[in-house]
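# Per-entry structural report
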Amino acid sequence: MRTRLDDFISRISAQRDILDHIAARQASLPDGPILEIGLGNGRTYSHLRVRFPDRHIVAFDRENGAHGSCRPDDGDVVIGDIRETCLSYTGTRAAVVHADIGTGYPEQDAIIREWLPSRVVAVLTLDGFVASGLELKHPELEEMPLPPSVEKGRYFLYRRR
Ligand code: SAM
């Protein structure tokens, strides 16, 4: 029987493998910043910072709660409800968006899945990538193949068309 620990490990390694997968395609990435939607403890922010050293990274959350070792400058953290703050970044033309704001509760995640796709499309440039813990259904997002190590349905990868 699968445990929550199994699920956690699978989610975390999926994040790393997908971010590495995007980083390996850096030469073909469009210009633009990287947006970290859901800073949390800063683990994936720290990974993005190392894998994309030349990109400006802007994080979104209710607070700058990242671990001290990888805490972004306050000026690079947009504080507030992402549903609203993302809208104020419309037209940003980000090259990569990473969205990790799933709750693990199906009813709550269903609500997030209603508004998150349009927010992502509003900030993502053409041909930009989005990696998300929640499925994003939007006509301008084309689902991309996942690295073989990622379990289907565990994490999602799209490119804006
Ligand atoms: N990827 C992060 C890491 O590696 O540390 C973990 C992100 S954590 C799972 C999700 C974060 O998203 C939490 O810090 C939570 O506060 C934030 N979050 C979720 N929904 C939000 C919303 N609507 N507005 C602002 N922040 C939100």
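Residues numbered from 1 in each chain as written. Predicted model: local features only at pLDDT ≥ 70, side-chain atom pairs only at ≥ 80, totals over all residues. Heavy atoms only, no water.

Before going further, it helps to spend a moment on the sheet that holds strand S3 (residues 77-79). The mixed open sheet is built from seven strands, whose spatial order is S3-S2-S1-S4-S5-S7-S6. Both outer strands of the open sheet, S3 and strand S6 (141-143), are each paired with one neighbouring strand and no more. Direction aside, neighbouring strands of the sheet carry axes that sit 20° apart on average. Relative to strand S2 (residues 57-61), strand S1 (residues 34-37) runs parallel, the two being bridged by four bridges. Bridge pairing in S2 links leucine 35 to valine 58. On the sheet, helix H4 (residues 106-123) packs against S1, strand S4 (94-99), strand S5 (124-132), S6 and strand S7 (156-160) and is oriented at approximately 140° with respect to S5. (Pairing = 2+ DSSP bridges. Helix = DSSP H or I, 4+ residues; strand = E, 2+ residues; numbered from the N terminus. Axes fitted to C-alpha atoms, helices over the stretch in contact; angles between N-to-C directions. Contact = heavy atoms within 4.5 Å.)

Our next topic: the site of the ligand. The immediate surroundings of the ligand are formed by 14 residues, with Thr44, Asp61, Asp81, Ile82 and Asp100 found nearest. Here glycine 42 contributes a backbone N or O atom positioned 3.1 Å from an oxygen atom of the ligand. A distance of 2.9 Å separates a nitrogen atom of the ligand from a polar side-chain atom of aspartate 81. Looking at the shell around the ligand residue by residue, the class counts come to three nonpolar, six polar and five charged. (Near = heavy atom within 4 Å. Polar contact = N/O pair within 3.5 Å; in protein donor to acceptor, adjacent residues only side chain to side chain. Nonpolar A, V, L, I, M, F, W, Y, C, P; charged D, E, K, R; others polar.)

Here we come to helix H2 (residues 43-51). Taken residue by residue, H2 has Thr44, Tyr45, His47 and Leu48 as its buried positions. Seen end-on, H2 carries its buried residues on one side only, within an arc spanning 160°. Turned more than 90 degrees away from the buried face of H2 sit Arg43 and Val50, all of them exposed. Looking at the buried residues of H2, the elements they touch are helix H1 (4-23), S1, S2 and S4. (Buried < 20%, exposed > 50% of the residue type's maximum accessible area, 1.4 Å probe, protein only. Arc of directions from axis to C-beta.)

The next thing to look at is the nonpolar core. Counting 24 residues, the largest nonpolar core has Leu35, Ile37, Val97, Leu116 and Val130 as its most contacted members. Among the elements of the structure, S1, S2, S4, H4, S5 and S7 are those that each provide at least two residues to this core. Among all residues touching leucine 35, those that are not within four sequence positions of it are Val58, Phe60, Ala94, Val96, Val97, His98 and Val123. Membership of the second largest hydrophobic core comes to 22 residues, among which are Ile34, Leu39, Ile57 and Ala66. (Core = buried A, V, L, I, M, F, W, Y, C linked by side-chain atoms within 4.5 Å.)

A ring pair, where both rings are aromatic, is described by two values, the distance of the centres and the angle of the planes. Scanning the entire structure with this criterion turns up one aromatic pair. A ring pair is formed by phenylalanine 60 and tyrosine 89, whose centres lie 5.2 Å apart and whose planes are at 80°; its orientation type is edge-to-face. Of this pair, phenylalanine 60 sits in strand S2 while tyrosine 89 is found in the loop between helix H3 (82-85) and S4, placing the two residues 29 residues apart along the sequence. (Phe/Tyr/Trp six-rings, centres within 6.5 Å; stacked < 30°, edge-to-face > 60°.)

Turning to the environment of glutamate 142, a few remarks are in order. If you trace the backbone, glutamate 142 turns up in strand S6. A residue is classified by how much of its surface remains accessible, and glutamate 142, at 36% relative accessible area, is partly exposed. When sequence neighbours within four positions are dropped, the list of residues in contact with glutamate 142 reads Leu157, Tyr158, Arg159 and Arg161.

This paragraph deals with the pattern of salt bridges. Overall, the coordinates contain eight salt bridges when judged by the stated rule. A salt bridge links arginine 71 to aspartate 74; the nearest nitrogen and oxygen atoms lie 3.1 Å apart. One network of salt bridges, with partners in common, ties together Arg2, Asp7, Glu151 and Arg154. (Salt bridge = Lys/Arg side-chain N within 4 Å of Asp/Glu carboxyl O.)

Turning our eyes to something else, we now look at the packing of H1 against H2. Look at H1 against H2: their axes get within 11 Å of each other, and the N-to-C directions meet at 20°. The angle between the axes of H1 and H2 places the two elements in the roughly parallel class. For the pair H1 and H2, the sense of crossing is right-handed. Two secondary-structure elements touch here, H1 through Gln15, Arg16, Leu19, Asp20 and Ala23 and H2 through Thr44, His47, Leu48 and Arg51. Of the residues contributing to the contact of H1 with H2, the split by class is three nonpolar, three polar and three charged. (Parallel < 35°, antiparallel > 145°, perpendicular 65-115°, else oblique. Left-handed = near helix turned anticlockwise from the far one by under 90°.)

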